Amino acid sequence: MSAALPGSRRRRTFAVAVLAAVGVVAAIYGSWHLVARYQTRRIFARAHQLLDVAALELSQDRIEPAFLHLLAYTEMFPDDADGWIALADLRAKAAQFQEAEGALTQALQMDPRREHLRTRRASLRSRIGRHHGALVDAQAALERDPRDTEASLIVRTELARMRGADAAPPSDVELSARSSAAENWPGKLGPTIRDFLAELRAQRWSNATRISRSARETYPDTMLGPWLEGIVAFSAGDLRTAEDRFQEALKVSPRSHRVITNLIVLWSREGGPASTADHLVALAERDPGFTYPLPIAARAWLEASQPRQAEQTIRRMFSLLPASSLPYREAATFFLLVDRASEAISTAADGIARFPADPDLHLLQGRAWLSLGDREAAIRSFDTALRLRPDDQVAAAQLARLLVTARKDAASRARALALVRSLKVDHPSDEEVLTAMSEAGQLAREIDTAQRPR
């Protein structure tokens, strides 16, 4: 996926003018199909302006509407690093450092050329307790610019910390910022969502409706009000009103993952998994650049016992995103899900041939090799993934476990223990990572103890 390039703002302005002309032509010729396509493109063109609107709101310390606009922007244009950088700036301003680090990670994934972001992310990682990740970033920043004094300080600090017995655990403040749920949105949004959820749990529909209507008035031209109104209606059992409100929210934020998640539950309750899959595919057809619903639709087809439809749905991504590695990742993930590991390996290999620097493809290939029992091939894949992304906790944990279980030499055990030590100072919370770390560390120490001379 490509990131926004210089001059994109001028191209966006030109695109809006072109779309306006297309709309006039469509109206003259009376083609409703063209009118519908124009309306979709008009929404798309309007969404491009959200970045500038958010910057203006943030300059006036209106953090809540700025956040809602950036949320909509990053969902509309997930491959634009500028949106993620702006979101990281906002999260940091709101003292939500975990979320700021996550947004910068997205920006770097979209545009790895923006190496200057590594120092900023290193500082955030040091602050939230991801000390090994901070060290990796700071060292990369120093390789780019040996005069980077902030990166140099972070390297010295983190090396000293890692030479200690154990890194200090994250503080309570840092831990509280680790959830990206809506109740932890910045400014007044978080308390509003928490109050709203409390009223829902107590089934006080009128109070919840009052909060949702207040959100509509306070944050117009955002999805928040209609979305909350839809949740109230759904919770009260009024599915028709709920769908109307969710669809209204989608008109404002056409690619909102949260709204679509609620619609999935609603569609599933109304018509079951096959109907849900149809609805999701229709969403993608109305907005051809929007592929988020397709992997979910494929899983719905599987639940409906229609594996052929599921596979066809996943394969549509290749025609929709021909210049991206995402279709290869989603297809490989799908084949792993349906226990077709050999096809997952070949799909990942095809993706790697085109996108050799994509660590997720190597990670998926490693999982597939592991499911087939080829542990040495899995080691090579996880090792490559870790080389491409040295702070990847899953790759490091799986590699550490395999180095101990598949190999018997002391060098492999030593490397496994080194990987486990680096992971420990980052205080991971992922269950897969924790399990692999524990198994690798315990087994390596047991082998060393058994082989020690008595």
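Residues numbered from 1 in each chain as written. Predicted model: local features only at pLDDT ≥ 70, side-chain atom pairs only at ≥ 80, totals over all residues. Heavy atoms only, no water.

**Regarding the overall build of the chain**
Regarding its fold elements, the chain presents 24 helices and zero strands. Expressed as a percentage of its 454 residues, the buried residues of the chain come to 48%. Within the chain, contacts between residues separated by at least 24 positions form 56% of all contacts whose residues are at least 6 apart in sequence. (Helix = DSSP H or I, 4+ residues; strand = E, 2+ residues; numbered from the N terminus. Buried < 20%, exposed > 50% of the residue type's maximum accessible area, 1.4 Å probe, protein only. Contact = heavy atoms within 4.5 Å.)

**Describing the environment of Arg375**
Structurally, the position occupied by Arg375 is in helix H21 (residues 375-388). Spatially, the C-alpha atom of Arg375 lies 9.3 Å from that of Arg407, the residues being 32 residues apart in sequence. Beyond its immediate stretch of four places on either side in the chain, Arg375 contacts Leu370, Leu402, Thr405 and Ala406.

**Quick look at the packing of helix H5 (residues 81-93) against helix H6 (residues 97-110)**
When two helices pack together, their arrangement is given by the angle between the helix axes and the distance between those axes. One way to put it is that H5 packs onto H6 with a least axis distance of 8 Å and a crossing angle of 165°. Relative to H6, H5 is oriented roughly antiparallel. Judged by the twist between their axes, the crossing of H5 over H6 is left-handed. Contact residues: Ala81, Trp84, Ile85, Leu87, Ala88, Arg91 and Ala92 in H5; Phe97, Glu99, Ala100, Ala103, Leu104, Gln106, Ala107 and Met110 in H6. Its residues placed into classes, the contact of H5 with H6 shows twelve nonpolar, one polar and two charged. (Axes fitted to C-alpha atoms, helices over the stretch in contact; angles between N-to-C directions. Parallel < 35°, antiparallel > 145°, perpendicular 65-115°, else oblique. Left-handed = near helix turned anticlockwise from the far one by under 90°. Nonpolar A, V, L, I, M, F, W, Y, C, P; charged D, E, K, R; others polar.)

**Comments concerning the pattern of salt bridges**
Tallied over the entire structure, the rule returns 32 salt bridges. Here Glu311 and Arg340 are joined by a salt bridge, their closest N and O atoms 3.0 Å apart. Here Glu311, found in helix H17 (residues 307-320), pairs with Arg340, found in the loop between helix H18 (326-337) and helix H19 (341-354); they are 29 residues apart in sequence, far enough to count as distant. The buried category is assigned to Glu311, whose relative accessible area is 17%. (Salt bridge = Lys/Arg side-chain N within 4 Å of Asp/Glu carboxyl O.)

**A few points about H21**
Taking 1.5 Å per residue as the helical rise, H21 with its 14 residues ought to reach 20 Å, and the 20 Å between its terminal C-alpha atoms agrees with that figure. Turning to H21, its buried residues number three or more, namely Ala377, Ala378, Ile379, Ser381, Phe382, Thr384, Ala385 and Leu386. Elements in contact with the buried residues of H21: helix H20 (359-371), helix H22 (393-405) and helix H23 (410-424). (Expected span 1.5 Å × (residues − 1).)

**Topic: the nonpolar core**
Trp185, Leu224 and Trp227 are the most contacted members of the largest nonpolar core, which has 83 residues in total. Broken down by element, the residue count for this core peaks at eleven residues, all from helix H15 (residues 257-286). Discounting residues that sit within four places of it in the chain, Leu224 has contacts with Leu68, Trp185, Leu189, Ile193, Ala215 and Tyr219. One finds Leu363, Ile379, Val394 and Val404 within the second-largest nonpolar core, a separate group that totals 26 residues. (Core = buried A, V, L, I, M, F, W, Y, C linked by side-chain atoms within 4.5 Å.)

**Points about the packing of aromatic side chains**
For the coordinates displayed, the defined rule picks out seven aromatic pairs. One aromatic cluster is present, formed by Phe67, Trp185 and Trp227 through successive ring pairs. The side chain of Arg127 reaches across the aromatic face of Phe97, ending 3.9 Å from its centre. (Phe/Tyr/Trp six-rings, centres within 6.5 Å; stacked < 30°, edge-to-face > 60°. Lys NZ or Arg CZ within 6 Å of the ring centre and 35° of its normal.)

**A closer look at unusual backbone geometry**
Among all residues save glycine, negative phi is the norm, and among peptide bonds the norm is trans. Of note in the backbone geometry, Ala95 takes a positive phi value of approximately 60° without being a glycine. Residue placement: Ala95 occurs in the loop between H5 and H6. Positive phi is not limited to glycine here, since Asp221 has a value of about 65°. Along the polypeptide, Asp221 turns up in the loop between helix H12 (205-218) and helix H13 (224-235).

**Some points on the packing of helix H14 (residues 239-252) against H15**
Contact geometry for H14 and H15: axes closest at 10 Å, N-to-C directions at 80°. By the angle between their directions, the pair H14 and H15 is classed as roughly perpendicular. Contact residues: H14 offers Leu239, Ala242, Glu243, Phe246, Gln247, Ala249 and Leu250, while H15 offers Val259, Ile260, Asn262, Leu263, Leu266, Trp267, Arg269, Glu270 and Leu283. For the contact of H14 with H15, a count of residues per class yields eleven nonpolar, two polar and three charged.

So yeah, pure geometry; function would need other evidence.
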